[in-house]
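Summary of structural features
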Amino acid sequence: HSLVQKTSRKWSTCVGLSPLKPKSGIYKWCVKIETLGRRGHCIFGVATEDVSPNTYLGQDSSGWGLTMNNEIYHSSRSQQPEKALKLSVNSVLEIVYDSNENVLHFTDTANQAGTISSKIESGDKTLYPAFSLFSPGDHIVFLSLTEATRMLESPASHQNLPSTSEKQKIAG
């Protein structure tokens, strides 16, 4: 599956279908940044089902997200992590949500730049994988864990991903 931003410089947030229930374990999904529009604003993270589709992830209390500028947003407040990932076109971002500890982990697997972790306060709310795109041309692709592993083993395979119809559901 993939998401492409079509509108002109307007935030759009999409929420996945697979629920990440509280105290139910660890969830992992991967996203490849396929292309970036002029400004390249993408945000990756989690949200409740009532997050607004017309804002960016983290603008309100319903979402938590990592920006391309390495800021974690929630309730319109940003937190600057100690580490910085080098997200760009062809980056593969592994997102891990530990629902037992309420911690989000972001790893740029293509650039081996380390991991950013953020404690989130979601209470007993069910969360969902979520993404926000801003610029026309921003395009992300959801990868199965098998595809992401293959890309790590062979960076040249970035160009040989299966078609969108072959993608698996995220976080499930």
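In what follows, the structure referred to is the one given above.
A brief structural summary. (Residues numbered from 1 in each chain as written. Predicted model: local features only at pLDDT ≥ 70, side-chain atom pairs only at ≥ 80, totals over all residues. Heavy atoms only, no water.)

Quick word on the sheet that holds strand β3 (residues 26-35)
In plain terms, the rule: Pairing between two strands requires that DSSP report at least two bridges joining them. Put simply, DSSP marks the helices as runs of H or I at least four residues long and the strands as runs of E at least two long, and each gets a number from the N terminus on. For helices, the fitted axis covers only the stretch in contact; all axes are lines through C-alpha atoms, and the angles between them, taken along N-to-C directions, range from 0 to 180 degrees.
The six strands are arranged β1-β12-β3-β8-β9-β10 in an open sheet whose pairing can be described as antiparallel. Since the sheet does not close on itself, it has two edges, and those belong to β1 (2-4) and β10 (115-119), each with one partner. Strand after strand, the sheet turns through a mean of 20° between neighbouring axes, direction not considered.

Some points on the sheet that holds strand β11 (residues 128-133)
The strand order across the open sheet built from six strands is β2-β11-β4-β5-β6-β7, with neighbouring strands paired in antiparallel fashion. Strands with a single pairing partner mark the edges of an open sheet, and in this sheet they are β2 (12-15) and β7 (77-79). Averaged over all pairs of adjacent strands, the angle between their axes in this sheet comes to 25°, without regard to strand direction. Looking at chain direction, β2 and β11 are connected through four bridges and run antiparallel. Bridge pairing links Thr13 to Ser132 in β11.

Quick word on the pairing of β11
Spelled out, the test is: Only protein chains enter the area calculation, which uses a 1.4 Å probe; residues under 20% of their type maximum are buried, those over 50% are exposed, and those in between are partly exposed.
Within β11, six of the six residues are buried, which leaves it mostly tucked inside the rest of the structure. Bridge analysis of strand β4 (residues 42-47) against β11 gives six bridges, and the strand direction is antiparallel. Along β11, the bridge assignment pairs Gly45 with Ala130.

Focus on the environment of Ser118
Definition in use: Only heavy atoms matter for contacts: two residues are in contact if any of them lie within 4.5 Å across the pair.
Inspection of the secondary structure assignment puts Ser118 in strand β10. Sequence separation between Ser118 and His105 is 13 residues; the distance between their C-alpha atoms is 6.5 Å. For Ser118, the contacting residues outside a window of four places in its chain are Ile72, Gln79, Asn102, Val103 and Leu104.

Considerations on unusual backbone geometry
Positive phi, close to 65°, is recorded for Ser76, a residue that is not glycine. Residue classification places Ser76 among the partly exposed positions, given a relative accessible area of 41%.

So, the nonpolar core
Quick note on the threshold: By nonpolar core is meant a set of buried Ala, Val, Leu, Ile, Met, Phe, Trp, Tyr and Cys residues that side-chain atoms within 4.5 Å join together.
Counting 27 residues, the largest nonpolar core has Trp29, Phe44, Ile95, Phe106 and Phe131 as the members making the most contacts within it. Those elements that provide at least two residues to this core are β3, β4, β5 (63-67), β8 (92-98), β9 (103-108), β11 and β12 (139-143). Counting residues per element, this core draws most heavily on β3, at four residues. In this structure, Ile95 is in contact with Tyr27, Lys28, Trp29, Val31, Phe44, Leu104, His105, Phe106 and Phe131, ignoring residues within four places of it in sequence. Ile43, Val51, Tyr73 and Phe134 belong to the second largest nonpolar core, which has nine residues in total.

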